[in-house]
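# Architecture and fold: a report
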2 protein chains.
Amino acid sequence: MSKSIFYHAGCPVCVSAEQDIINLIGESNVEVVHLGDDKSRISEAEHAGIKSVPALVTPNGNVLHINFGASLADVKG
Amino acid sequence: MSKSIFYHAGCPVCVSAEQDIINLIGESNVEVVHLGDDKSRISEAEHAGIKSVPALVTPNGNVLHINFGASLADVKG
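Report on the accompanying structure. (Residues numbered from 1 in each chain as written. Chains lettered and ligands numbered in written order. Predicted model: local features only at pLDDT ≥ 70, side-chain atom pairs only at ≥ 80, totals over all residues. Heavy atoms only, no water.)

### As for helix α1 (residues 12–25) of chain B
Residues and elements named next belong to chain B. Over its 14 residues, α1 extends 20 Å from the first C-alpha to the last, a length consistent with the 20 Å expected when each residue adds 1.5 Å. All buried positions along α1 are accounted for by Cys-14, Ala-17, Glu-18, Asp-20, Ile-21, Ile-22, Leu-24 and Ile-25. Count one or two residues on from α1 and you reach Gly-26, which has phi positive near 95 degrees. (Helix = DSSP H or I, 4+ residues; strand = E, 2+ residues; numbered from the N terminus. Expected span 1.5 Å × (residues − 1). Buried < 20%, exposed > 50% of the residue type's maximum accessible area, 1.4 Å probe, protein only.)

Here's what the structure looks like:
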């Protein structure tokens, strides 16, 4: 199985969801991307269809927006 | 690991998310509850902290609201 990608921005909602996702699907199955630390990947996240963080992109490209931490516009600042 | 519970109400967003969640965490690790068909479990979902469907309750009791299909109020009708 290819990896899922979990995008977040360090917000409390994000960190909590990150732990839940890692517990559920396994740390080795998910790449965690912190868009606040790595702004170069924001355009990648936008292209994947992400509107807010935290969000998980599944191996088949579906976007699961999980709870709501911040809009991507806020992350871009 | 105890099971997660995925609550939904049959909406297109719910069905899509259900497939993604089952693919990610495995069918044997998640109980799927259709609140439209089984209204007796709506109070259980409310008690768990669910505000909208689809939503996943993790084995440790955290609620992950995934995308947005319908508010629980709409499901109650």
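What follows continues from the structure just given.
### Digging into unusual backbone geometry
Residues and elements named next belong to chain A. Cis geometry marks the peptide bond from Val-53 to Pro-54, where omega comes out at -5 degrees. Tracing the chain through its elements places Pro-54 in strand β3 (residues 52–57). In this structure, Asn-67 takes a positive phi of about 50 degrees despite not being glycine. The exposure class assigned to Asn-67 is partly exposed, which follows from its relative accessible area of 24%.

### Quick notes on the side chain of B:Asp20
Summarising the element assignment, B:Asp20 is placed in helix α1. One buried charged side chain, B:Asp20, makes no salt bridge at all; its nearest oppositely charged neighbour is A:Lys51, positioned 16 Å away. Ignoring anything within four residues of it in the chain, the contact list for B:Asp20 reads A:Thr58, A:Asn60, A:Asn62 and A:Leu64. (Lys, Arg positive; Asp, Glu negative; His and termini not counted. Salt bridge = Lys/Arg side-chain N within 4 Å of Asp/Glu carboxyl O. Contact = heavy atoms within 4.5 Å.)

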